[in-house]
Amino acid sequence: MKHIVILALACALAPLASAQLYKYVDKDGKTVYSDTPPANVESKQINVQPSSGPGAGAPKPFLARDKDADKGRDEAKEKAKKAEETAKVTAANEERCKQAKIEYQIYADGGRLTKYNDKGERIYLGDAEIDAERERSQKVMEEACRK
């Protein structure tokens, strides 16, 4: 029973132990990493902590990085597309407001205004018709220029 407890404790503490690694430059000028210290060469001891699971701390595979990059590009395209659509809608609303203001100004200034009848003949608008068109164009302008 005592041996089982010691064995279990040793197995539990084994992953917590850190491995020893030595780094040195060989006679050809290459950097070498080894688990045993070299003889007659100055080396530096490096403490390496074991990973906490398979693939932990390892870089992502190329396929995963490529998928992440594609996802980022797709998101950027979607944002650009939404921004472009928003700009188009804003420009269209500004143009509509501008035209509504021009139409309202025509009726607000008054004067002799004309329209064409069914036969294609030009007829002059009366005061009541001008007032009705001014009110209608004012409502259109207020709607178009609402922000």
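Residues numbered from 1 in each chain as written. Predicted model: local features only at pLDDT ≥ 70, side-chain atom pairs only at ≥ 80, totals over all residues. Heavy atoms only, no water.

**So, the overall build of the protein**
Stage number 1. A tally of regular secondary structure across the protein gives three helices and five strands.
Stage number 2. Helices (α) and strands (β) of the protein occur, in sequence order from the N terminus, as α-β-β-β-α-β-β-α.
Stage number 3. When contacts within the protein are restricted to residue pairs at least 6 apart in sequence, those whose partners lie at least 24 apart make up 38%.
Stage number 4. Of the roughly 12700 Å² of accessible surface on the protein, 55% is carried by carbon and sulfur atoms. (Helix = DSSP H or I, 4+ residues; strand = E, 2+ residues; numbered from the N terminus. Contact = heavy atoms within 4.5 Å. Areas by Shrake-Rupley, 256 points an atom, 1.4 Å probe, with all protein chains shown as cover.)

**Regarding the packing of helix α2 (residues 62-109) against helix α3 (residues 127-144)**
Stage number 1. Packing of α2 against α3 leaves a shortest axis separation of 8 Å and a crossing angle of 160°. Taken together, the axes of α2 and α3 are roughly antiparallel relative to one another. Handedness of the crossing formed by α2 with α3: left-handed. Of the residues in α3, those in contact with N93, R96, C97, A100, K101, E103, Y104, Y107 and A108 of α2 are I130, E133, R134, R136, S137, Q138, V140, M141, E143 and A144.
Stage number 2. Class assignment for the residues of the contact of α2 with α3 results in nine nonpolar, three polar and seven charged. (Axes fitted to C-alpha atoms, helices over the stretch in contact; angles between N-to-C directions. Parallel < 35°, antiparallel > 145°, perpendicular 65-115°, else oblique. Left-handed = near helix turned anticlockwise from the far one by under 90°. Nonpolar A, V, L, I, M, F, W, Y, C, P; charged D, E, K, R; others polar.)

**Some points on a negative patch on the surface**
Stage number 1. A contiguous patch of negative charge, built from D74, E75, E78 and E85, is present on the exposed surface.
Stage number 2. Note that E75 resides in helix α2. (Patch = residues over 30% accessible without salt bridge, like charges linked within 9 Å, V, L, I, M, F, W, Y side chains within 5 Å. Salt bridge = Lys/Arg side-chain N within 4 Å of Asp/Glu carboxyl O. Lys, Arg positive; Asp, Glu negative; His and termini not counted. Charge placed at Lys NZ, Arg CZ, Asp CG, Glu CD.)

**Things to note about the confidence of the model for the protein**
Where the model shows low pLDDT, its predicted coordinates should not be examined in detail.
Stage number 1. For the protein, the average pLDDT comes to 81, and 78% of its residues sit at 70 or higher.
Stage number 2. The spread of mean pLDDT over the elements of the protein runs between helix α1 (residues 2-13), the lowest at 63, and α2, the highest at 91. (pLDDT = per-residue confidence, 0-100.)

**Some points on the pattern of salt bridges**
Opposite charge on two side chains allows them to pair when their charged atoms are near.
Stage number 1. Scanning the model with the defined rule gives seven salt bridges in all.
Stage number 2. Across the pair E129 and K115 runs a salt bridge whose closest N-O atoms are separated by 3.3 Å. You can see E129 sitting in helix α3 and its partner K115 sitting in strand β4 (residues 114-116), a full 14 residues away along the chain.
Stage number 3. A salt bridge links R134 to D131, with the shortest nitrogen-to-oxygen separation between them at 2.6 Å. Of this pair, R134 and D131 both sit in helix α3, three residues apart, roughly one helical turn.
Stage number 4. Taking the relative accessible area as the measure of exposure, R134 reaches 26% and is therefore partly exposed.
Stage number 5. With a relative accessible area of 37%, D131 lands in the partly exposed category.
Stage number 6. What you see here is one network of salt bridges that share partners, running through E103, E133 and R136. (Buried < 20%, exposed > 50% of the residue type's maximum accessible area, 1.4 Å probe, protein only.)

**With respect to α3**
Stage number 1. Its 18 residues place the ends of α3 25 Å apart at the C-alpha level, agreeing with the 26 Å of an ideal helix rising 1.5 Å per residue.
Stage number 2. Contact partners of the buried residues in α3: α2. (Expected span 1.5 Å × (residues − 1).)

**Brief notes about the nonpolar core**
Stage number 1. Listed in full, the six residues of the largest apolar core are C97, A100, Y104, M141, A144 and C145.
Stage number 2. Put simply, the parts of the chain that give this core at least two residues each are α2 and α3.
Stage number 3. The leading source of residues in this core is α2, at three residues.
Stage number 4. Setting aside residues up to four positions removed in sequence, C97 forms contacts with A144 and C145. (Core = buried A, V, L, I, M, F, W, Y, C linked by side-chain atoms within 4.5 Å.)

**Thoughts on the packing of aromatic side chains**
Stage number 1. A full pass over the atoms with the stated rule returns zero aromatic pairs.
Stage number 2. A cation over a ring is seen here: R112 above Y124, with NZ or CZ 4.2 Å from the ring centre. (Phe/Tyr/Trp six-rings, centres within 6.5 Å; stacked < 30°, edge-to-face > 60°. Lys NZ or Arg CZ within 6 Å of the ring centre and 35° of its normal.)

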